[in-house]
Amino acid sequence: MSIPSIVEAARALREGSITSVGLARQVLYRIAMVEAQLHAFLTVDTDGLMAGAEEADQAFAEGRDIGPLQGIPIALKDNLTTRNLETTAGSKILSGYVPPYDATVVKRLRQAGALIVGKTNLDEFAMGSSTENSAFGPTRNPWNTDRVPGGSSGGSAAAVAAGMSLGGLGSDTGGSIRQPASLCGVVGVKPTYGTVSRYGLIAFASSLDQIGPITHTVADAVLLLEVIGAPDPLDSTSYPHEMEPVGARLGRGLEGIRVGVASQLGGAEAVEPDVEAAFFQMVSAMERAGATTLEVDLPSTEQGLSAYYLIAPAECSANLARFDGVRYGLRVNGDTTEQMMSRSRADGFGPEVTRRVLLGTFALSAGYHEAFYGQAQKVRTLIREDLARAYRQCDVLVSPTSPTTAFRLGDRTDNPLAMYMSDVLTIPSNLAGHPAANIPIGLDRHDLPIGFQVMAPALEEALMFQVASAVEELAGFDTTVPFDPSHGLRGGVR
């Protein structure tokens, strides 16, 4: 049973060759078959999905076109608020929290006719690179269930890869869309900072967080981004102008495109041989397709990882101060207000969140603010300047998305530095606020997906998608995870 792409499903629904109810049942059947193996979801809204599918079919029958995603099932990372549907951010401290409002991106999906499948698992408060930090247990990779799906949007990436949803939304603070997309063999996009509203996103690091799509194809990612990306008065950091349609240049190919090869982006010297070989094979294929390639030097990105792990924890220590046991979420009583807050946080936050809050609070403390946080912000400026110089020489930059393919569950849980290195290639785009996308290009010797990253200057999503779609065509990668209808995924026996 094949799950169609969003673009294919939207066309078939309008032609009447499939129904929304039938599509929803397909998705729910796949969830029934593989969710126990993967744990991609924290909540599946079966009743809401089926009721929405029936309404979509009724609208089609009456000739009413609600929007481009009418009748399309979409999964949401569980740090996006959803009215009347539990939102936990993967944390015990928010267990049972049901928001009274939808995030702006959720509202736009609903207005476009999308159906919400449910809420997907994530590293707690989006802090992690493997989706092992969730308070509700880890998610597994559909290609091999002994491996991690990446993080922090591992639940959304796994759900899309396994056909449990036609598309999904994630959030990307240091690579949390692109890295799991790479490890799960799907397309993942971090848009330019500010082009997608963050209203209703439970904040991790406010100057870095950005919401974006996870899909099977580049065209699907374009469609989702065109729905969710627009100015929003509820988000003070929202870009106030309408952008060029992000799919305006799809299909134009690579003729005349200048491609900067950033193979050592972020000082990543530990790129696995299979990943490196696949990356340079694609660069060669791009040259044959008409692109001009050149090596670029980005010296300041070597300090990107260090800068990120001061800036992000500093911002998270401020953002997570609101979880105090007073207004919502977990509350552990104490003899004093201070004791109640201390107990609530100690019991509600997991070890990775605690680690980052403590690090960030220290970096912002008197006597250390300039030495740590201030210096990190200066490095951030240098990285922006390096990228600006690079884009004067080339149109886009390319690199591997992740230094490795999916690693085994538990391999890095006791080594935070090794875990943090998973994002060394994706962090610079977050620090600069630039758009970047992962495109799957092949499998390594263990049949695990390899990702290819395309980066572009701010607000140049149309150019990024032009190159990404050409890479997708050159790769010819089948994003469908092997699936046996009688036994579910075959991942664990690889």
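Data block above holds the structure.
Values in this document were obtained by computation on a predicted structure and should not be read as measured data.

Rules and cut-offs
- Residues numbered from 1 in each chain as written.
- Predicted model: local features only at pLDDT ≥ 70, side-chain atom pairs only at ≥ 80, totals over all residues.
- Heavy atoms only, no water.
- Helix = DSSP H or I, 4+ residues; strand = E, 2+ residues; numbered from the N terminus.
- Rg over C-alpha atoms; globule rule 2.2 N^0.38 Å.
- Buried < 20%, exposed > 50% of the residue type's maximum accessible area, 1.4 Å probe, protein only.
- Contact = heavy atoms within 4.5 Å.
- Areas by Shrake-Rupley, 256 points an atom, 1.4 Å probe, with all protein chains shown as cover.
- Lys, Arg positive; Asp, Glu negative; His and termini not counted.
- Charge placed at Lys NZ, Arg CZ, Asp CG, Glu CD.
- Core = buried A, V, L, I, M, F, W, Y, C linked by side-chain atoms within 4.5 Å.
- Pairing = 2+ DSSP bridges.
- Axes fitted to C-alpha atoms, helices over the stretch in contact; angles between N-to-C directions.
- Phe/Tyr/Trp six-rings, centres within 6.5 Å; stacked < 30°, edge-to-face > 60°.
- Lys NZ or Arg CZ within 6 Å of the ring centre and 35° of its normal.
- Salt bridge = Lys/Arg side-chain N within 4 Å of Asp/Glu carboxyl O.
- Parallel < 35°, antiparallel > 145°, perpendicular 65-115°, else oblique.
- Nonpolar A, V, L, I, M, F, W, Y, C, P; charged D, E, K, R; others polar.

A.B. asks: Please explain the overall build of the protein as it appears in this structure.
C.D. replies: A count of helices and strands for the protein gives 15 helices and 13 strands. Here the C-alpha atoms of the protein give a radius of gyration of 21 Å, agreeing with the 23 Å that 2.2 N^0.38 yields for 494 residues. Dimensions of the protein, computed from C-alpha atoms along their principal axes, come out at roughly 65 × 55 × 50 Å. Counting all 494 residues of the protein, 61% fall into the buried class. Look at the contacts in the protein between residues 6 or more apart in sequence, and 76% of them connect residues 24 or more apart. Roughly 18000 Å² of accessible area belongs to the protein as shown, and the carbon and sulfur atoms make up 51% of that amount. With 38 positive and 55 negative side-chain charges, the protein shows a spacing of 3 Å between the two charge centroids.

A.B. asks: Quick question: what am I supposed to make of the nonpolar core here?
C.D. replies: Across soluble globular proteins, nonpolar side chains show a tendency to be buried alongside one another. L69, I72, L109, M286 and F452 are the most contacted members of the largest nonpolar core, which totals 82 residues. Residues contacting L109, with those up to four places away along its chain left out, are L69, I74, L76, A114, I116, L169, L224, V227 and I228. Ranked by size, the runner-up nonpolar core spans 48 residues in total, among them A205, A307, L310 and I383.

A.B. asks: Where do I start with the sheet that holds strand β10 (residues 436-443) in this structure?
C.D. replies: Note on sheets: strands pair through backbone hydrogen bonds, and any given pair is parallel or antiparallel. Strand order in this open sheet of 11 strands is β1-β3-β2-β4-β6-β5-β10-β11-β9-β7-β8, and the pairing throughout is mixed. Looking at strand neighbours, the two that pair on one side only are β1 (41-44) and β8 (292-295), the edges of this open sheet. Recorded for the sheet is a direction-independent mean angle of 25° between the axes of neighbouring strands. Pairing geometry for strand β5 (residues 187-190) and β10, over 3 bridges, is antiparallel. Note that in β10 the partner of K190 across the bridge is A436. Running over the sheet, helix α8 (residues 273-288) touches β7 (258-261), β8, β9 (396-400), β10 and β11 (449-455) and is turned about 50° from β11.

A.B. asks: Sorry if this is basic, but what is going on with the packing of aromatic side chains here?
C.D. replies: Two measures describe an aromatic ring pair: the distance that separates the ring centres and the angle between the ring planes. Applying the stated criterion across every chain, the model contains 13 aromatic pairs. Among the aromatic residues, those joined into a cluster by ring pairs are Y97, F125, F323, Y328 and F349. Here the basic side chain of R412 rests over the ring of F407, its NZ or CZ set 4.0 Å away from the ring centre.

A.B. asks: How do you make sense of the side chain of T404 when you look at a structure like this?
C.D. replies: Along the chain, T404 falls in the loop between β9 and α13 (416-420). Residues within four places of T404 in sequence aside, it is in contact with L183, E272, V275 and R412.

A.B. asks: Sorry, what's going on with the pattern of salt bridges here?
C.D. replies: Should their charged atoms come close, side chains of opposite charge can pair. Throughout the structure, instances matching the rule amount to 16 salt bridges. With its nearest N and O atoms 2.2 Å apart, the salt bridge here joins R355 to E352. Linking R355 with E352, this pair stays in helix α11 (residues 351-364), spanning 3 residues, or about one helical turn. Residue class for E352 comes out buried when judged on its relative accessible area of 9%. When the shortest N-O distance is used, the salt bridge between E352 and R356 registers 2.6 Å. Separated by 4 residues within a single helix, E352 and R356 lie in helix α11, roughly one turn from each other. Both residues of the pair, E352 and R356, belong to the buried class. A cluster of three or more residues bridged by salt bridges with shared partners is formed by E244, R249 and E460.

A.B. asks: Sorry if this is basic, but what is going on with the packing of α8 against helix α15 (residues 461-475) here?
C.D. replies: Each pair of packed helices can be summarised by the angle the axes make with each other and by the distance between the axes. Contact geometry of α8 with α15 gives a least axis separation of 10 Å together with a crossing angle of 105°. In terms of axis orientation, α8 runs roughly perpendicular to α15. Residue-level inspection shows M282, A285 and M286 of α8 in contact with α15, the latter providing V467, V471, L474 and A475. Residues that form the contact of α8 with α15 fall into these classes: 7 nonpolar, no polar and no charged.

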